[in-house]
Amino acid sequence: MSKVLPFAAFRPAPKVVADVAALPYDVYKRAEAKEYVASHPKSFLKIDRPETCFPDDFDMYSQPVYDKAAELLHTAISDGTYVHDAEPCYYIYELIMDGRSQTGIVATVSVDDYINGTVMKHENTLEAKEQDRINHIYNCGAQTGPIFLAYRDRARINEIVSRVKQEEKTYGFTAEDGVTHNVWIISDASDIAAIRQEFSDENRIYIADGHHRAASAVKVGLKKREENPGYTGEEEFNFFLSVLFPESELAILPYNRVVKDLNGFAEEEFIAKLGEFFDIEAVSGAGQGYQPKAKGVFGMFLGDTWYKLTIHDELKSDDAVAGLDVSLLQDNVLGPILGIEDPRVDKRIDFVGGIRGLGELERRVNTDMKVAFSMYPTSISELFGVADAGLLMPPKSTWFEPKLRSGIFIHEI
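First things first, this report covers the structure right here in the doc. (Residues numbered from 1 in each chain as written. Predicted model: local features only at pLDDT ≥ 70, side-chain atom pairs only at ≥ 80, totals over all residues. Heavy atoms only, no water.)

Looking now at the environment of Tyr-28. Tracing the backbone shows Tyr-28 in the loop between helix H1 (17-20) and helix H2 (30-39). Note on Tyr-28: relative accessible area 15%, which makes it buried. With 21 residues separating them in the primary sequence, Tyr-28 and Arg-49 have C-alpha atoms 9.3 Å apart. If we ignore the near neighbours within four places in the chain, the residues touching Tyr-28 are Leu-23, Ala-33, Tyr-36, Leu-45 and Arg-49. (Helix = DSSP H or I, 4+ residues; strand = E, 2+ residues; numbered from the N terminus. Buried < 20%, exposed > 50% of the residue type's maximum accessible area, 1.4 Å probe, protein only. Contact = heavy atoms within 4.5 Å.)

Structural data, given as structure tokens:
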């Protein structure tokens, strides 16, 4: 049983939404964020990354920075940049990239569902990464970056969403990166009741992306409970801002790997070692790329040649984690041959999101790396399977695109 509720959002006035909506705070390095804010002064990134208002050597995690975030947010609310819906609503949020659409429900999800495991996780979080967002949420008194959640399709929700999408949009704009963002409001009482009941009947919701943001929002909620010992459980701090997508709407891009050296092997020796685990076929030259089309198949770029690597059948696994392609590569190549035992900390490996394309893998090999591996993407069903088993995925297993924008929906707590 899940508690997924409508809420009264603060959201940008229609005339400024395209200028306000921002990519997630953590896709930018500090210098990149400052440069972007300088050229996009209305962007919500200024509030998400308030250190952009300070000198480059200013401590970005100090209290004045979080005070600045709160000041900027409250100014945006008071000067009319943001409007406040009078009644709780659900919102429909559609993103279209490269002709593919994905549509979710914007709502708030119970902190208790996260604690009791109804909201399923597949990654660990790092306390240091959480603390920044804890401070940001607490000082702003609001959640500004939605958590990307997934659930198994429910026909009644799909029907309501499809019908409401035939109505006039509340927002519709295409961002600089070519991604189109459309929003509709679900305000009909019967539709709200139906959606709430449908989610109540769902006993598992999955974090697709945003584990650190979710953990931070939950910890702020628990802190607010300590400060308000008479809380009822219905206060807004008991819920966190989310966009929930049905399984059928989602696609995961591959998360590719590049490695700095061959661990002392010559190229011929390395390929011979791979032959113990894979069938190997040279398929193309530089500039042509090779994207795997099935599980258990990998692309490798080495010495201006693309190879197709097909893992031997006896090495495959039905285990939820060990059977993932990222695990097969780690357990049969990166660890035993290349000596990368812990990819979380080893400086010899880097990870390249699939959105950057195979050309980026070639560029890295021709500049600062020696070998690249293109991956077949992890599936949504595999993500669900790992979470259902109470297990954790290896690092950098999934890459979701398009990214949810921050600043379109704000949940005041």
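Attention shifts here to the packing of aromatic side chains. Using the criterion set out here, one finds 14 aromatic pairs in the structure. Between Tyr-255 and Trp-399 the ring centres are 5.1 Å apart and the planes differ by 90°, which places this aromatic pair in the edge-to-face class. Taken together, the positions of Tyr-255 in strand S14 (residues 255-259) and Trp-399 in strand S20 (residues 399-400) put the pair 144 residues apart, joining distant regions of the chain. Of the two residues, Tyr-255 and Trp-399, neither departs from the other in class, the shared state being buried. (Phe/Tyr/Trp six-rings, centres within 6.5 Å; stacked < 30°, edge-to-face > 60°.)

Here we take up the pattern of salt bridges. As enumerated under the stated definition, the model contains 31 salt bridges in all. For Arg-213, the salt bridge goes to Asp-26, with nearest N and O atoms at 3.8 Å. Of this pair, Arg-213 sits in helix H9 (residues 211-227) while Asp-26 is found in the loop between H1 and H2, placing the two residues 187 residues apart along the sequence. Overall, Arg-213 belongs to the buried group, its relative accessible area being 15%. For Asp-26, a relative accessible area of 45% puts it in the partly exposed group. In this structure, Lys-165 and Glu-94 form a salt bridge, with 3.0 Å as the shortest nitrogen-oxygen distance. Of this pair, Lys-165 sits in the loop between helix H7 (155-164) and strand S9 (171-174) while Glu-94 is found in strand S4 (residues 90-97), placing the two residues 71 residues apart along the sequence. Under the relative-accessibility criterion, Lys-165 is labelled partly exposed at 24%. Beyond isolated ion pairs, a larger network of salt bridges with shared partners links Arg-156, Glu-159, Arg-163 and Asp-191. (Salt bridge = Lys/Arg side-chain N within 4 Å of Asp/Glu carboxyl O.)

The next subject is helix H13 (residues 380-388). Along H13, the residues classified as buried are Ile-380, Glu-382, Leu-383, Phe-384, Val-386 and Ala-387. Buried residues along H13 sit against strand S6 (119-120), strand S8 (147-151), strand S11 (205-209), strand S13 (252-253) and S20. Immediately downstream of H13, the backbone of Gly-390 shows phi near 70°, a positive value.

Below, the discussion takes up the pairing of S11. Counting buried positions along S11 gives 4 out of 5 residues, so the element sits mostly inside the fold. Pairing between S8 and S11: 3 bridges, direction antiparallel. The partner of Phe-148 across the bridge, within S11, is Asp-209. (Pairing = 2+ DSSP bridges.)

The geometry of helix H6 (residues 127-140) relative to H9 is characterised by a closest axis approach of 8 Å and an angle of 50° between their N-to-C directions. Between H6 and H9, the interaxial angle falls into the category oblique. You can see that H6 and H9 cross each other, and the crossing is right-handed. Contacts from Lys-129, Glu-130, Arg-133, Ile-134, Ile-137 and Tyr-138 in H6 reach His-212, Ala-215, Ser-216, Ala-217, Lys-219, Val-220, Lys-223, Lys-224 and Glu-227 in H9. For the contact of H6 with H9, a count of residues per class yields 6 nonpolar, 2 polar and 7 charged. (Axes fitted to C-alpha atoms, helices over the stretch in contact; angles between N-to-C directions. Parallel < 35°, antiparallel > 145°, perpendicular 65-115°, else oblique. Left-handed = near helix turned anticlockwise from the far one by under 90°. Nonpolar A, V, L, I, M, F, W, Y, C, P; charged D, E, K, R; others polar.)

As a further point, take the sheet that holds strand S17 (residues 305-311). With antiparallel pairing, the 6 strands of this open sheet are ordered in space as S15-S17-S16-S19-S14-S18. With partners counted over all chains shown, the strands left at the sheet margins are strand S15 (278-285) and strand S18 (349-353), one partner each. If you compare each strand with its neighbour and ignore which way they point, the axes differ by 25° on average. For strand S16 (residues 297-302) and strand S19 (residues 371-374), the ladder comprises 3 bridges, and the chain directions are antiparallel. When the sheet's bridge partners are listed, Phe-301 is paired in S19 with Ala-372. On top of the sheet, helix H12 (residues 357-365) reaches S14, S15, S16, S17, S18 and S19; it is set at about 165° to S19, its chief contact.

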